[in-house]
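# Chain and residue survey
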Amino acid sequence: MTNTNTVAMPKSGTPFSGLGRMIGAEFLKLRKRTMTKVLIIILVAVIALVNFLFMAISKLPPIGSGQGIARIQDYLGLSAAIPFALYLIASFGSVLAIIMAASSMGNEYNWKTIRTALISSESRFKFLTAKLVSLAILILAGMLIGVVAGFIMGLITTGIGGYAYNFSFATGSYFWEQFLQFWRTFFVITPYALLGFLMAIVGRSAMPGISAGIGVLFLESIITMFMVLAGGWIAKVPDYLLSANVNAITALNNLPQGFGKEMGNGGTSQALPSVPHAFITLGIYAMAFLALGYYLFRKRDVTG
Amino acid sequence: MTVVMESRDAIGTQDSVVLRTTGLSKSFGKLEAVKNLNLELRRGEVFGFLGPNGAGKSTTVGMILGLITPTAGSIELFGVKQNGNRWAALRRIGAIVEEPAFYPYLSGWDNMHVLAESIGGIPKNKIEEVLERVGLADRAKDQYGHYSMGMKQRLGIASTLLRDPELIILDEPTNGLDPAGTKEIRDLIPRLAHESRAIMLCSHLLHEVELVCQNVAIIKQGTVIANAPIKELLSRGNQMQIRVDNMGEATGILSGLPWVKSVKREGDYLMIDIPPDHGAAVNQALAQKGIFVSELINRTHSLENVFLQLTGGASGD
């Protein structure tokens, strides 16, 4: 007896069918990479290092009025541990997210696995979507590890520094605010990660993605500074770039005076864009990078 | 025979052409990589696809697999013309394009697992089965990056078998294999074809192709310059070398025979262009006129000779 069902032409699924399975496969690839673990270790190490550095500085004899030292001591307080960790994640974590996103896509070209991956994927749309979703999960997991590391460092430096363990700040509104700031931080990392991802597609390699993402992250602050100095309408241009809008959102984290808004605009006295403006602008950038990535990858010839 | 095999045979009778390209062309800017390519590959057939470096073989394979968009022409897979998403067809194809490519930091097993998850519907014991089949079961937990070239090839072949394909496209499958490994793969290919699969073999190892393929297409500068059963291709320019005392008279007799294409004197021998298996007829024709052949050698071409003649001596890819 023959059973034609076993070899009947399989039907293509709905736009999202099988996506969970593909995300699982992509997540396995990311999870098993040594680089992923190294990046998370680097993030934790940087958070630890900055905390220890601040603690060491706080123990120096007062210089001048001694207000600077007092401020640093504020950062070491437990209440500032999570917002400070999120602040570091928004800046340094963006670099790591760019590396992870660009290498996730670019290494498919570098290792030539793109061909095998595409002929084993239901569609290019699903392949990219699975990659992006698994990346988002990993970035969120990395952020969570960073927050936990920041809080543990807060506990350690409070203990070593001889400060009092005071948990009175741990109210519902505090945790709600940290929860919101966690997602805001993810939101500000996203455009940079997507830029790295897009440029890895454009350049068919990890390096263009990493260099473009990190390049924009660092150079934009310098360019912003010069634009603000130029004055006139040019000084308004940074409001429509990434860094000023990122700073407008990270400034919401209620860090002690000295950080937050004062440090948010590349050291210039220029006012930061409004928060709704920042959300809309960053959202537009993220959507544009995403759409362009999908568009380029949709019908691009995979050769070489 | 399994149920799957039976159903394949059942389909095979209705749908024996698994791949058909019609007027397939691809240009990259001004470069015409593939021009008006017409190929046909049937179930159970091992098809050799040969050509020098840069001839357009990988571009053709890329177009078949949907990695490259053709400029013109059409591709039919399993009787269905391919427009847009070809996943339904790709699920039935196993392919190594140019070289096996896997994630270097993952083990052989993990690489297969990633593929199986992407494809879907592949049980885990299938992974073990295909790794066993290519002799990698013992090294399945080792990192792919530490594999030898031969092991990478084996894993590539295992990946093609993962989805129990009806069409297998293999690009240089014996690359990097030792003689024993080469023989194993050479033996495996016809076995896979006997399982009612069609196999497209891109190789520069012309001897291997000659041993396992039934049909061959040779591509040069994007154009197919030969596409025929391998026996027919080898018989083209088939020559018989004979030695007789009276060469002049023998030349006259042989030139008058309808199936003799040409007769040429080379030293002490006459070189006769004739179809294969005509040795006895040559001998008989000469003997009837009182000329006796003292030496008769049938000089069939090897695929390598044919390839080099057709491609103008370009090295195979």
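Values in this document were obtained by computation on a predicted structure and should not be read as measured data.

## Things to note about the overall build of chain A
Helix and strand content of chain A: 10 helices and zero strands. Secondary structure of chain A in N-to-C order comes out as α-α-α-α-α-α-α-α-α-α. Relative to its 304 residues, chain A shows a buried fraction of 51%. Carbon together with sulfur atoms contributes 72% to the accessible area of chain A, which is approximately 13,700 Å² in total.

## Some points on the overall build of chain B
From N to C terminus, chain B includes 12 helices and 14 strands. Dimensions of chain B along its principal axes, counting C-alpha atoms only, are 75 × 45 × 40 Å. Relative to its 317 residues, chain B shows a buried fraction of 54%. The contacts of chain B with a sequence gap of at least 6 include a subset with a gap of at least 24, amounting to 69%. Put simply, chain B shows about 13,500 Å² of open surface, and 48% of that area lies on carbon and sulfur atoms. For chain B, the centre of its 33 positive side-chain charges and the centre of its 36 negative side-chain charges are spaced 5 Å apart.

## Concerning the sheet that holds strand E12 (residues 262-266) of chain B
Residues and elements named next belong to chain B. Reading across from one edge, E12-E13-E11-E14 is the order of the four strands in this open sheet, with antiparallel pairing throughout. The open sheet has two free edges, formed respectively by E12 and strand E14 (295-299), since each of these has just one partner strand. Averaged over all pairs of adjacent strands, the angle between strand axes in this sheet comes to 20 degrees, irrespective of strand direction. Alignment of strand E11 (residues 239-243) against E14, held across five bridges, turns out to be antiparallel. The partner of Met 240 across the bridge, within E14, is Asn 298. Sheet strands in contact with helix H10 (residues 247-255) are E11, E12 and strand E13 (269-273), and its direction is about 5 degrees off that of E13. Along the sheet, helix H11 (residues 279-288) makes contact with E11, E13 and E14, crossing E11 at roughly 35 degrees.

## Quick word on the packing of helix H9 (residues 242-250) of chain A against helix H10 (residues 275-298) of chain A
Residues and elements named next belong to chain A. Put simply, H9 and H10 touch, their axes get as near as 9 Å, and they point 130 degrees apart. As far as their axial angle goes, H10 and H9 are oblique. Considering only the axes of H9 and H10, their crossing is left-handed. Of the residues in H10, those in contact with Leu 242, Asn 245, Val 246, Ala 248 and Ile 249 of H9 are Val 275, His 277, Ala 278, Phe 279, Thr 281, Leu 282 and Tyr 285.

## A few points about helix H1 (residues 19-31) of chain A
Relative to the 18 Å expected for 13 residues at 1.5 Å per residue, H1(A) spans 18 Å between its end C-alpha atoms, a close match to the ideal helical length. Turning to H1(A), its buried residues number three or more, namely Leu19(A), Met22(A), Ile23(A), Ala25(A), Glu26(A), Leu28(A), Lys29(A) and Leu30(A). Tucked into the core, H1(A) has its buried residues touching helix H2 (34-58), helix H4 (78-110) and helix H6 (124-161) of chain A together with helix H4 (108-119) of chain B.

## So, the pairing of strand E4 (residues 72-77) of chain B
When a strand is regular, its side chains alternate between the sheet's two faces. All names here are of chain B. As judged from the five bridges shared by strand E1 (residues 17-28) and E4, these two strands associate in the antiparallel manner. For Leu 19, the partnering residue across the bridge sits in E4 and is Leu 77. Here E4 runs beside strand E5 (residues 80-81); their pairing, made up of two bridges, is antiparallel. Across the sheet, Leu 77 pairs through a bridge with Val 80, a residue of E5. Taken together, E4 and the strand that follows it, E5, pair antiparallel across an intervening segment of two residues, in which Phe 78 is found at a positive phi of about 55 degrees.

## Remarks on the packing of aromatic side chains
One pass over the full model with this rule turns up 17 aromatic pairs over all chains. Aromatic pair Phe125(A) and Tyr294(A): ring centres 5.3 Å apart, planes at 35 degrees, arrangement tilted. Here Tyr294(A) lies in helix H10 and Phe125(A) lies in helix H6, a separation of 169 residues in the sequence. Under the relative-accessibility criterion, Phe125(A) is labelled partly exposed at 38%. A network of ring pairs unites the aromatic residues Trp176(A), Phe179(A), Phe182(A), Trp183(A) and Phe186(A) as a single cluster. The side chain of Arg124(A) reaches across the aromatic face of Phe297(A), ending 5.7 Å from its centre. For the cation-ring pair, Arg243(B) lies above Tyr269(B), with the distance from its terminal atom to the ring centre recorded as 5.4 Å.

## Side note on the confidence of the model for chain B
Interpretation of the predicted coordinates at a detailed level should be avoided for regions scoring low in pLDDT. Mean pLDDT over chain B works out to 86, with 93% of the residues at or above the 70 mark. The ipTM, which scores confidence in the relative placement of chains, is 0.85 for this predicted complex, and the corresponding pTM is 0.84.

## Concerning the sheet that holds strand E3 (residues 46-50) of chain B
Residue and element names in this part refer to chain B. The six strands lie next to each other as E6-E7-E8-E3-E9-E10, forming an open sheet whose pairing is mixed. The sheet is open, and its two edges are formed by strand E6 (93-95) and strand E10 (223-229), each paired on a single side. Taken over all neighbouring pairs, the strand axes of this sheet differ in orientation by 15 degrees on average, direction set aside. With three bridges joining them, E6 and strand E7 (residues 167-171) adopt parallel strand pairing.

## Focus on the confidence of the model for chain A
Residue and element names in this part refer to chain A. This prediction gives chain A a mean pLDDT of 86; 85% of its residues lie at or above 70. Low pLDDT, under 50, characterises residues 1-11; the predicted model gives this stretch 22 contacts beyond four residues in sequence or across chains. Here residues 260-266 is modelled with pLDDT under 50, and outside its nearest four sequence neighbours on either side it reaches 17 contacts, counting other chains as well.

## Some points on the pattern of salt bridges
Scanning the model with the defined rule gives 27 salt bridges over all chains in all. When the shortest N-O distance is used, the salt bridge between Arg243(B) and Glu295(B) registers 3.5 Å. Pair noted here: Arg243(B) is in strand E11 and Glu295(B) is in strand E14, with a separation of 52 residues, a long-range link. Connected through salt bridges with shared partners, the residues Glu26(A), Lys29(A), Glu108(A) and Lys131(A) form a single ionic network.

## Here's the deal with the environment of Asn107(A)
Residues and elements named next belong to chain A. Relative to the elements of secondary structure, Asn 107 occurs in helix H4. Classification of Asn 107 as buried rests on a relative accessible area of 9%. In sequence terms Asn 107 and Ala 244 are 137 residues apart; their C-alpha atoms lie 31 Å from each other. Excluding anything up to four places from it in sequence, Asn 107 contacts Arg 33, Ala 102, Lys 112, Thr 113 and Ala 206. Only 3.0 Å separates the side chain of Asn 107 from the side chain of Asn 110, close enough to count as a polar contact.

## Side note on the side chain of Gln239(B)
All names here are of chain B. Along the polypeptide, Gln 239 turns up in strand E11. The class for Gln 239 is buried, based on a relative accessible area of 18%. Reaching out from Gln 239, the side chain makes a polar contact with the side chain of Asp 273 at a distance of 3.1 Å. Discounting chain neighbours no more than four positions away, the residues touching Gln 239 are Met 271, Ile 272, Asp 273, Ile 297, Asn 298 and Arg 299.

## Observations regarding the packing of helix H7 (residues 172-203) of chain A against H10(A)
All names here are of chain A. Put simply, H7 and H10 touch, their axes get as near as 9 Å, and they point 25 degrees apart. Looking at the two axes, H7 sits roughly parallel to H10. In terms of crossing hand, the pair formed by H7 and H10 is left-handed. For the pair H7 and H10, contact is made by Arg 184, Phe 187, Val 188, Thr 190, Pro 191, Leu 194, Leu 195, Leu 198, Ile 201 and Val 202 and by Phe 279, Leu 282, Gly 283, Ala 286, Phe 289, Leu 290, Leu 292, Gly 293, Leu 296 and Phe 297, respectively. Taken together, the residues of the contact of H7 with H10 break down into 16 nonpolar, three polar and one charged.

Calculation rules
- Residues numbered from 1 in each chain as written.
- Chains lettered and ligands numbered in written order.
- Predicted model: local features only at pLDDT ≥ 70, side-chain atom pairs only at ≥ 80, totals over all residues.
- Heavy atoms only, no water.
- Helix = DSSP H or I, 4+ residues; strand = E, 2+ residues; numbered from the N terminus.
- Buried < 20%, exposed > 50% of the residue type's maximum accessible area, 1.4 Å probe, protein only.
- Areas by Shrake-Rupley, 256 points an atom, 1.4 Å probe, with all protein chains shown as cover.
- Contact = heavy atoms within 4.5 Å.
- Lys, Arg positive; Asp, Glu negative; His and termini not counted.
- Charge placed at Lys NZ, Arg CZ, Asp CG, Glu CD.
- Pairing = 2+ DSSP bridges.
- Axes fitted to C-alpha atoms, helices over the stretch in contact; angles between N-to-C directions.
- Parallel < 35°, antiparallel > 145°, perpendicular 65-115°, else oblique.
- Left-handed = near helix turned anticlockwise from the far one by under 90°.
- Expected span 1.5 Å × (residues − 1).
- Phe/Tyr/Trp six-rings, centres within 6.5 Å; stacked < 30°, edge-to-face > 60°.
- Lys NZ or Arg CZ within 6 Å of the ring centre and 35° of its normal.
- pLDDT = per-residue confidence, 0-100.
- Salt bridge = Lys/Arg side-chain N within 4 Å of Asp/Glu carboxyl O.
- Polar contact = N/O pair within 3.5 Å; in protein donor to acceptor, adjacent residues only side chain to side chain.
- Nonpolar A, V, L, I, M, F, W, Y, C, P; charged D, E, K, R; others polar.

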